[in-house]
Amino acid sequence: MDSVGTNRTPLRSVAAALATRSSALPRPHRHPVLGNRLAASKLGIASRCGGGYFDKVQRFDAARSTAAKAQSRKAGKSVIEEMGHTSSDCEVPLKYSSGKAFPLGVSQVEGGLNFAIFSQHASSVTLCLKLPERGTQDDAQIVEFALDRQKNKTGDIWHVSVEGLPASGVLYGYRINGPQGWQQGHRFDDTVILLDPYAKLVSGRKYFGVEEDKPSQLFGTYDFDSSPFDWGDDYKLPNLPETDLVIYEMNVRAFTADESSRLGSAVRGSYLGVIDKIPHLLELGVNAVELLPVFEFDELEFKRFPNPRDHMVNTWGYSTINFFAPMSRYASAGGGPVVASKELKQMVKALHNAGIEVILDVVYNHTNEADDAHPYLTSFRGIDNKVYYMLDLNNNAQLLNFSGCGNTLNCNHPVVKELVLDSLRHWVKEYHIDGFRFDLASVLCRGLDGSPLDAPPLIKEIAKDSVLSRCKIIAEPWDCGGLYLVGRFPNWDRWAEWNGQYRDDLRRFIKGDPGMKGVFATRVSGSADLYQVNNRKPYHGVNFIIAHDGFTLCDLVSYNSKHNDANGEDGRDGCNDNYSWNCGVEGETNDLNVRRLRSRQMKNFHVALMVSQGTPMILMGDEYGHTRYGNNNSYGHDTHINNFQWGQLEERKDGHFRFFSEMIKFRHNHPILRRERFLSKNDVTWHEDCWENQESKFLAFTIHDHNSGGDIYLAFNAHEYFVDAVIPPPPHHKSWSRVVDTNLESPNDIVPEGVPLTGSGYRIAPYSSILLKAKA
């Protein structure tokens, strides 16, 4: 089996293939790196510094739009650097040499820092630097110098080495120009300073959702001053078997942003806030957190221009700006990108020390740069739109949109593919991340023109990569273009999938839809119809009933319809096929019978999830019954709608929460519920003789423990009437004990040690489930 070598130089093979001239680097020199921008000096506005080491020339461009001028003024005053004579009373002298093509981004080289960026179609590239000794971050001058095509370009990579820069605190970006042919797919605009796709840190706004900082210019930055992060002598990766995972999908900010978290205002909603709440995760029993996006994203994207959504803040994070940098506004106290990087590592270390793995929800299907109707030029679009995005060249080179967000990343282009792989390796090596869930992963299965591929290069290389070999890799196997690949995702026996079929079938059976008994049995058995192919295992199916998008568990049993008016789109957004049931009353109610039924239904869902073969995932907040009041697409609400309510958790600690926690721990304690192979006929007995009866909504079965005889009997009654179940004889020298009856009030609804069962029958209440354990 071939694999991607860990020491392979990023993009080297790609650059060689795209190179149009010799790849030999020019000999380093000490001449200024200036191009056509020197013409600005003819305007006669040069100013000298002391003995004249720098000529500073204000950059004027009559072609700039008013908006571009405003953006440039916000970014700082631009000047052109020229070589002069050294002066002891001036800034530290900067010296420039040709630099090298690899690695991309910023790297330390002998005597300075190297900057390298890919652009195949650019005609000019200018490096822009904001130096801390030349003013505050907000008003510092921007030093610009154009790269020479002959001396600072190898193949399609532009590069320069700069001597005399500080090892941290410098902000940088690029102005890039090229062909203006819209119909050919180009979107160049050198009035805008662009963010380096390989920037490891991003500097922008300091505080999450603060509108006053809305037009803040994005810059890449770096930190070569700080000592390597101390992971600790006793630190080790959890390396949990996939069979043992119980995943908790959560949002870093929403987890502790609410005042009920009782954290200080500087820590609420931060990476450090998660650390404070690790005891809750341990008490719940989960051993992996799947974090909604923590790549740098633009939470104020809806506020760029007047629109029906401009009252909202993107709190979920599916608006990626950069694939290498951690979300800087998740740092405590507005600490910025360097602090964010350190605190994210602190969070990962603390979770690992608690035995909890960290899986990142990653968005490689689109970026924050929107569509051609409302373009937001920040990085890829202005660097090389034709390479980074899928285009319809037969339709005015419009951006193809398989993501539902206006653009689609061209992931199987060799350059973009390497960018994604480099990004993933960075998160594993630098931040010790344990796995990735790929948002709308079917996009990653499309070719350059958007057509589906049988063997997508990126998907294969992720599966084969040596650095990623220890990672869990999970696909959301669909996209907004209709490419639904549940059970058919190209996998190389490595990729797991969000099992959307499991979600729909479980919802329909538990709420009492007819004709669902057979598929319910298939789903709780591990969905062999989907995953028993080649060497795939039951754990390659990630079972979930609830995820971040859609109803919460409480809302699933409280609403028949979505209630998304607060989103500003007249209810057009969000899924219409929720397979939900309000239990008789729409929304909030004081009717005790309805509330008890809803409680039973939530428990029924949780029992089914925890006894199913495969990998279970639950949503943050479902452990106490969080409600979003029927909003099934709450991405834009940085409020209590999404924020974890710690007060409600305390109120329900001995009831709802206790049941959820004990059920998770029951799964951990019973290996027969998480097998590495699919169930055979000897592993399970179905107490059923009317599979073809479409009106039957009752299912009972026994899972056999061939090692110790600790069989587990389960029965689910989705009828609206009682069912008198005949309980089969227990294994030899064993007797049945009741562990779960969702119809009973807490604490009798779940008794981990079991309550001895007498007799050979059990009367199972409407819309309830039971679990019996065979004990000596």
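Residues numbered from 1 in each chain as written. Predicted model: local features only at pLDDT ≥ 70, side-chain atom pairs only at ≥ 80, totals over all residues. Heavy atoms only, no water.

As annotated in an unreviewed UniProt entry, the chain is isoamylase from Urochloa decumbens. Here the chain is described in UniProt, under the heading Subcellular location (unreviewed entry), as follows: "Plastid, Chloroplast". Quoted straight from UniProt, the Sequence similarities (unreviewed entry) entry for the chain says "Belongs to the glycosyl hydrolase 13 family." (UniProt positions renumbered as here; feature names shortened; annotations may be inferred.)

With that settled, the discussion passes to the sheet that holds strand β28 (residues 735–741). In a beta sheet, neighbouring strands pair by backbone hydrogen bonds and run either parallel or antiparallel. Read from one edge to the other, the open sheet built from six strands follows the order β24-β25-β26-β31-β28-β29, with strand pairing classed as antiparallel. Each end of this open sheet is capped by a strand with a single partner; those strands are β24 (684–686) and β29 (750–756). Between one strand and the next, the sheet's axes are offset by a mean angle of 25°, whatever the strand orientation. Pairing of strand β26 (residues 712–717) with strand β31 (residues 768–775), which is carried by six bridges, proceeds in the antiparallel orientation. Following the sheet pairing, L714 is matched in β31 by L771. Across the sheet, helix α11 (residues 517–524) lies against β24, β25 (698–703) and β26, angled at about 30° from β25, the strand it touches most. (Pairing = 2+ DSSP bridges. Helix = DSSP H or I, 4+ residues; strand = E, 2+ residues; numbered from the N terminus. Axes fitted to C-alpha atoms, helices over the stretch in contact; angles between N-to-C directions. Contact = heavy atoms within 4.5 Å.)

Here the focus is the sheet that holds strand β23 (residues 615–619). The eight strands lie next to each other as β14-β15-β16-β19-β20-β21-β22-β23, forming a closed barrel whose pairing is parallel. Recorded for the sheet is a direction-independent mean angle of 25° between the axes of neighbouring strands. Docked against the sheet, helix α14 (residues 592–611) engages β22 (541–544) and β23, running at close to 150° with respect to β23.

All right, on to empty space enclosed by the protein then. Applying the stated criterion across every chain yields a total of six cavities of 30 Å³ or more. Considered as a void within the structure, the largest cavity measures approximately 110 Å³ in volume. Partitioned by chemical class, the residues of the lining of the largest cavity number seven nonpolar, five polar and two charged. As for the second largest cavity, its lining consists of I545, I546, L553, F605, H606, L609, M617, I618, L619, D622 and F660. In terms of residue class, the lining of the second largest cavity is built from nine nonpolar, one polar and one charged. (1 Å grid on protein atoms, 1.4 Å probe; cavity = no way out; pocket = protein on both sides within 12 Å on 5 of 7 lines; lining within 4 Å. Points joined across faces, edges and corners; volume = space filled by probe spheres on them. Nonpolar A, V, L, I, M, F, W, Y, C, P; charged D, E, K, R; others polar.)

So, on to the pairing of strand β7 (residues 124–130). In terms of burial, β7 is largely enclosed, as six of its seven residues are buried. Bridge count for β7 against strand β11 (residues 168–177) is seven bridges, and the pairing is antiparallel. Following the sheet pairing, S124 is matched in β11 by N177. The pairing of β7 with strand β8 (residues 142–146) spans five bridges and is classified as antiparallel. If you follow K130 over to β8, its bridge partner there is I142. (Buried < 20%, exposed > 50% of the residue type's maximum accessible area, 1.4 Å probe, protein only.)

Note that the residue after F102, namely P103, is joined by a cis bond; omega there is -5°. Geometrically, the link from S746 to P747 is a cis peptide bond, its omega value of 5° lying close to zero. Positive phi values are uncommon outside glycine, yet N534 reaches one of about 55°. By secondary structure assignment, the location of N534 is in the loop between α12 (528–531) and β22. Backbone geometry at Y579 places phi at a positive 50°, although glycine is not the residue there.

Okay, the packing of helix α8 (residues 414–431) against helix α9 (residues 457–464) next. Where α8 contacts α9, the axes come no closer than 10 Å and their chain directions differ by 25°. In this view, α8 runs roughly parallel relative to α9, as classed from their interaxial angle. Note that α8 runs across α9; the crossing there is right-handed. Two secondary-structure elements touch here, α8 through K417, V420, L421 and L424 and α9 through P457, L458, E461 and I462. Here the residues of the contact of α8 with α9 sort into six nonpolar, no polar and two charged. (Parallel < 35°, antiparallel > 145°, perpendicular 65-115°, else oblique. Left-handed = near helix turned anticlockwise from the far one by under 90°.)

Quick look at the packing of α14 against helix α16 (residues 653–668) now. Interaxial distance between α14 and α16 falls to 9 Å at its minimum, and their mutual angle equals 15°. In this view, α14 runs roughly parallel relative to α16, as classed from their interaxial angle. As for how α14 packs across α16, the hand of that crossing is right-handed. Residue-level inspection shows M602, K603, H606, V607, L609, M610 and V611 of α14 in contact with α16, the latter providing H656, F659, F660, M663, I664 and R667. A per-class count over the contact of α14 with α16 returns nine nonpolar, two polar and two charged.

Turning our attention to the environment of F115. Checked against the element boundaries, F115 lands in strand β6 (residues 112–118). Residues F115 and Y172 lie 57 residues apart in sequence; the distance between their C-alpha atoms is 9.6 Å. Every residue in contact with F115, bar those within four places of it in the chain, is listed here: G105, V106, L127, L129, W158, H159, V160, V162, L165, Y172, Y174 and Y222.

Time to look at the pattern of salt bridges. Opposite charge on two side chains permits them to pair, given that their charged atoms come into close proximity. For the structure on display, the rule yields 39 salt bridges. The salt bridge partner of R425 is D465, with a shortest N-O separation of 2.9 Å. With R425 in helix α8 and D465 in the loop between α9 and β20 (472–475), the pair connects residues that are 40 residues apart, well separated along the chain. Here the two residues R425 and D465 agree in accessibility, since each one is buried. D529 is paired through a salt bridge with R523; the nearest N and O atoms lie 2.9 Å apart. Classification of D529 by relative accessible area gives partly exposed; the value is 49%. Residue R523 is classed as buried on the basis of its relative accessible area, which comes to 5%. A cluster of three or more residues bridged by salt bridges with shared partners is formed by R205, E296, D298, E299, E301, R304 and R329. (Salt bridge = Lys/Arg side-chain N within 4 Å of Asp/Glu carboxyl O.)

Moving on: the nonpolar core. Taken as a class, soluble globular proteins show a tendency for nonpolar side chains to be buried jointly. In this structure, F115, Y248, F436 and F438 are the most contacted members of the largest nonpolar core, which totals 191 residues. Discounting residues that sit within four places of it in the chain, F436 has contacts with I359, L360, V362, L424, W427, V428, L468, C471, K472, I473 and I474. (Core = buried A, V, L, I, M, F, W, Y, C linked by side-chain atoms within 4.5 Å.)

With that settled, consider α11. Along α11, the residues that are buried comprise K517, F520, A521, R523 and V524. Around the axis of α11, the buried residues are gathered within 165° of arc, so they sit on the same side. Of the surrounding secondary structure, the elements contacted by the buried residues of α11 are α10 (500–510), α12, α14, β24, β25 and β26. The first or second residue beyond α11 is G526, which carries a positive phi of 110°. (Arc of directions from axis to C-beta.)

With that out of the way, let us pick up the side chain of D384. Here D384 shows up in helix α7 (residues 380–388). Buried charge D384 goes without a salt bridge, the closest partner of opposite sign being K386 at 7.9 Å. Among the polar contacts listed, one links the side chain of D384 to the backbone nitrogen of Q120, at a separation of 2.7 Å. Ignoring any residue separated from it by four or fewer positions in sequence, one finds D384 in contact with F118, S119, Q120, H121 and F188. (Lys, Arg positive; Asp, Glu negative; His and termini not counted. Polar contact = N/O pair within 3.5 Å; in protein donor to acceptor, adjacent residues only side chain to side chain.)

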